[in-house]
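# A structural walkthrough
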Amino acid sequence: MIQFEVVSHEPGGHARCGIVRTPHGTIRTPAFMPVGTKATVKGVWPQQVAESGADILLGNTYHLCLRPGAELVAEMGGLHRFMGWDRSILTDSGGYQVFSLAELNKITDEGVSFRSHIDGRWVHLNPAEAMRIQNLLGADIIMAFDQCPPGDADRVTVARAVERTIRWADECRRAHARSDQALFGIVQGGVFHDLRAACAERLIELDLPGYAIGGLSVGETHEQMVEVLRELVHRLPADKPRYLMGVGMPRDILAAVRAGVDMFDCVLPTRNGRNGYAFTATGPLRLRNEKYRTQDEPLEANCPCPTCRRFSRAYIRHLFLAGEMFGPMLLSVHNLWFFQRFMARLRDLIPTGDYATMLAEFPVAGSG
């Protein structure tokens, strides 16, 4: 399925650099996975995603099962061939939609029924169905079906979600039918440290190839997230990948890496890019602002991305104000490169533990 090797550690700390080997290539960790929800990273060619330095991207089980359907993807040769991406892919299970589409679903111990946002029909997802869909899609890493409670959920609600998540993970393990796909479990528990610890302990008993941390970046503060990670990550197996789901702000990634997390995903690079927001080492640029109207310099002076090599802030601002699709495309490409540059520099500096240099080169990682 996959092989994971830790190649270096932060001296006296928890951060680590590693390699995950999958049937479709090698993933350098800490790794950031661009999100290709509907079998595409929005507005960007697969080749451009690869050129940014990404070793792996993420697809969404819920959206792909609705359209075009997992059976069609399998008939077309699997998700890699269907979307023209020959590197590694991770698919989520649809469990996050239990949280994000709460007004459209009904949750029971047997699974979740969604009212499709496309045509209104009811779709039922449970552990066995989540595995069947992901087996058809053919990603290298697939996720167990889980329940992600809101960040402000009370203890009783979170405890119930933890019990379902544990039970569903075991059902996923038994339903999983492909030996070339690695099934990761997802630790839930909100901001309740004892629930997180208990969930991790019981999932570890299933001896899965990797473990994810879900239910963060759903409304809790940065400080709460950091405290959860400090209490939880060291409990997860040291010889298996650790994946923090849905977290993407540089400050949060740095804190999680220092706690021992290996993998990340987030929609921020392309979602923010489509809305005129550029990530830079010193902080964001909001390109619709008037002050960029006559600025002839690139988004970021030392950025090697195709956008910064050829286009000015003034030009990109013009594209947004003119409603031209090229503007969001250019910012999305730059943002993807930014995140891969950020992760590459982390991998460079972890073996020395030189976070002072990291923060000097990327001050944005030390701010909100």
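The paragraphs below set out a description of the structure included in this document. (Residues numbered from 1 in each chain as written. Predicted model: local features only at pLDDT ≥ 70, side-chain atom pairs only at ≥ 80, totals over all residues. Heavy atoms only, no water.)

Secondary structure assignment for the protein chain yields 15 helices and 16 strands. In terms of overall dimensions, the protein chain has C-alpha extents of about 60 × 50 × 40 Å along its principal axes. In the protein chain, buried positions account for 57% of the 368 residues. Within the protein chain, residue pairs in contact and separated by at least 24 positions form 65% of the contacts whose partners lie at least 6 positions apart. Here the protein chain has roughly 15100 Å² of accessible surface; of this, 49% comes from carbon and sulfur atoms. If you average the places of the 40 positive and of the 41 negative side-chain charges in the protein chain, the two averages end up 4 Å apart. (Helix = DSSP H or I, 4+ residues; strand = E, 2+ residues; numbered from the N terminus. Buried < 20%, exposed > 50% of the residue type's maximum accessible area, 1.4 Å probe, protein only. Contact = heavy atoms within 4.5 Å. Areas by Shrake-Rupley, 256 points an atom, 1.4 Å probe, with all protein chains shown as cover. Lys, Arg positive; Asp, Glu negative; His and termini not counted. Charge placed at Lys NZ, Arg CZ, Asp CG, Glu CD.)

Here we take up the sheet that holds strand S1 (residues 3–9). The three strands are arranged S1-S2-S3 in an open sheet whose pairing can be described as antiparallel. Two strands in the sheet have a free side with no partner beyond their single neighbour: S1 and strand S3 (25–29). Strand-to-strand twist of the sheet, defined as the mean angle between neighbouring strand axes without regard to direction, takes the value 20 degrees. Across six bridges, S1 lies against strand S2 (residues 16–22) in antiparallel orientation. Pairing of His-9 across the sheet is with Arg-16, part of S2. (Pairing = 2+ DSSP bridges. Axes fitted to C-alpha atoms, helices over the stretch in contact; angles between N-to-C directions.)

Take the pattern of salt bridges next. Per the counting criterion, the structure on display carries 21 salt bridges. Measuring nitrogen to oxygen at the nearest pair gives 3.4 Å for the salt bridge that ties Arg-174 to Asp-170. One end of the pair is Arg-174 and the other is Asp-170, both in helix H7 (residues 155–175) and four residues apart, which spans about a single turn. According to the relative accessible area criterion, Asp-170 is partly exposed, its value standing at 22%. Here Glu-300 makes a salt bridge to Arg-341, at a shortest N to O gap of 3.2 Å. Residue Glu-300 is found in the loop between strand S16 (285–286) and helix H12 (306–310), and its partner Arg-341 is found in helix H14 (residues 326–349); the two are separated by 41 residues along the sequence. Considered together, Glu-300 and Arg-341 belong to a single accessibility category, that of buried residues. Overlapping salt bridges bring together Arg-28, Asp-55 and Arg-87 as one network. (Salt bridge = Lys/Arg side-chain N within 4 Å of Asp/Glu carboxyl O.)

Every α-helical turn comprises 3.6 residues, leaving residues that sit three or four positions apart pointing alike. Among all positions of helix H13 (residues 313–321), only Arg-313, Ala-314, Ile-316, Arg-317, Leu-319 and Phe-320 are buried. Just past H13, the residue Gly-323 takes up positive phi, approximately 70 degrees.

This part covers a nonpolar patch on the surface. Taken together, the side chains of Leu-72, Met-76 and Phe-82 make up a nonpolar region of the molecular surface, amounting to roughly 220 Å² of accessible area. Here Leu-72 lies in helix H3 (residues 70–75). Classification of Leu-72 as partly exposed rests on a relative accessible area of 33%. (Patch = residues over 30% accessible without salt bridge, like charges linked within 9 Å, V, L, I, M, F, W, Y side chains within 5 Å.)

On to the pairing of strand S12 (residues 210–213), then. Burial of S12 is two-sided: the residues Gly-210 and Ala-212 facing one way and the residues Tyr-211 and Ile-213 facing the other way are all buried. Examined bridge by bridge, strand S11 (residues 182–187) and S12 share four bridges and lie parallel to one another. Within S12, the position partnered with Ile-186 by the bridge is Ala-212. The parallel pair S11 and S12, bridged by helix H8 (residues 193–204), forms a crossover whose chirality is right-handed. Note that S12 and strand S13 (residues 242–244) share three bridges and pair parallel. In the strand pairing of S13, Tyr-211 is matched with Arg-242. Viewed along the sheet, the connection from S12 through helix H9 (residues 222–232) into S13 turns out right-handed. (Right-handed = clockwise from strand over helix to strand, strands pointing away.)

These figures come from the coordinates and say nothing about function on their own.
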